[in-house]
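A look at the structure
Listed below, chain by chain, are the residues.
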Amino acid sequence: QSAGNDGSILCVSTNSPKPTFRYTAVDITPVATATDVLVLKGSATKVIRVTKITIMGSATASAIYDVYLVKRTAANTGGTSTAPTATAADTNDGTASATLALYTANPSALGTGTNMEAAKTYLGTAAITSPQINFIWGNRNDKAPVLRGTSEALAINFAGAAVPTGASLYLSVEWTEDTI
């Protein structure tokens, strides 16, 4: 702790007591023209704050691939997805109330949403280390993306662009949950 010129106390927490959850999709190859690939859906009983999303991968030949984070205010419909289980940072955190959808076939209709972040990711060959893209919120006096209710979601989206040949991606999401 330290006091500012105006007498305010600055405090930095390095370990949050909030229930925190993570999920990482490992070595996935999205469908040929992927839209939403990994979606974190809000909860009816908790307020979800997304604190970090990480994206990295490789391809048969090096490629640049656009990635978008889309905040959805209406749910996707159709498509084929699995419902992976998140890992709690602490076993006392219990089970996540937010849910995940990992799409293996694009949704037939994307829910209403707007782009929240965008980046170009470099997919190097397996012999070249690709830099990871990190979207981090809530640690620079900013507000982390908040999902309120089951109709809100945050999606990792590739905008229907052709997936580079031999793409193998790691997609990771971290969030906290607060009682409403």
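See the structure shown above.
Residues numbered from 1 in each chain as written. Predicted model: local features only at pLDDT ≥ 70, side-chain atom pairs only at ≥ 80, totals over all residues. Heavy atoms only, no water.

1. So, the environment of N157
Take N157: it is sitting in strand β13 (residues 153–157). Judged by relative accessible area, which is 5%, N157 ranks as buried. Sequence separation of N157 and L147 is ten residues, and the distance between their C-alpha atoms is 17 Å. Each residue touching N157, except ones within four places of it in the same chain, is listed here: T35, D36, D66, V67, Y68, V70, R72 and L110. A distance of 2.6 Å separates a polar atom in the side chain of N157 from a polar atom in the side chain of D36. (Helix = DSSP H or I, 4+ residues; strand = E, 2+ residues; numbered from the N terminus. Buried < 20%, exposed > 50% of the residue type's maximum accessible area, 1.4 Å probe, protein only. Contact = heavy atoms within 4.5 Å. Polar contact = N/O pair within 3.5 Å; in protein donor to acceptor, adjacent residues only side chain to side chain.)

2. Digging into empty space enclosed by the protein
The tally for this structure, following the rule as stated, stands at one cavity of 30 Å³ or more. In this structure, the largest cavity spans a volume of roughly 40 Å³. Along its surface, the largest cavity is lined by L38, V39, L40, I53, L100, L154, I156 and V173. Elements supplying a minimum of two residues to the lining of the largest cavity: β4 (36–41) and β13. Tallying contributions element by element places β4 first for the lining of the largest cavity, with three residues. Within the lining of the largest cavity, the residues separate by chemical class into eight nonpolar, no polar and no charged. (1 Å grid on protein atoms, 1.4 Å probe; cavity = no way out; pocket = protein on both sides within 12 Å on 5 of 7 lines; lining within 4 Å. Points joined across faces, edges and corners; volume = space filled by probe spheres on them. Nonpolar A, V, L, I, M, F, W, Y, C, P; charged D, E, K, R; others polar.)

3. Quick notes on the packing of aromatic side chains
Across all of its chains, the model carries three aromatic pairs by this definition. Ring geometry for Y65 against F158: centres 4.6 Å apart, planes inclined by 10°, an arrangement best described as stacked. Here Y65, found in strand β6 (residues 63–72), pairs with F158, found in the loop between β13 and β14 (168–179); they are 93 residues apart in sequence, far enough to count as distant. Taking relative accessible area as the criterion, F158 reaches 0% and is therefore assigned buried. (Phe/Tyr/Trp six-rings, centres within 6.5 Å; stacked < 30°, edge-to-face > 60°.)

4. With respect to the sheet that holds β13
Taken in spatial order, the six strands line up as β7-β9-β4-β13-β6-β10 in an open sheet, and their pairing is antiparallel. What marks the edges here is a single partner per strand, and that holds for β7 (80–82) and β10 (113–123). Across this sheet, the average inter-strand angle for adjacent strands is 20°, counted without regard to direction. One ladder, built from three bridges, connects β7 with strand β9 (residues 99–105); its direction is antiparallel. (Pairing = 2+ DSSP bridges. Axes fitted to C-alpha atoms, helices over the stretch in contact; angles between N-to-C directions.)

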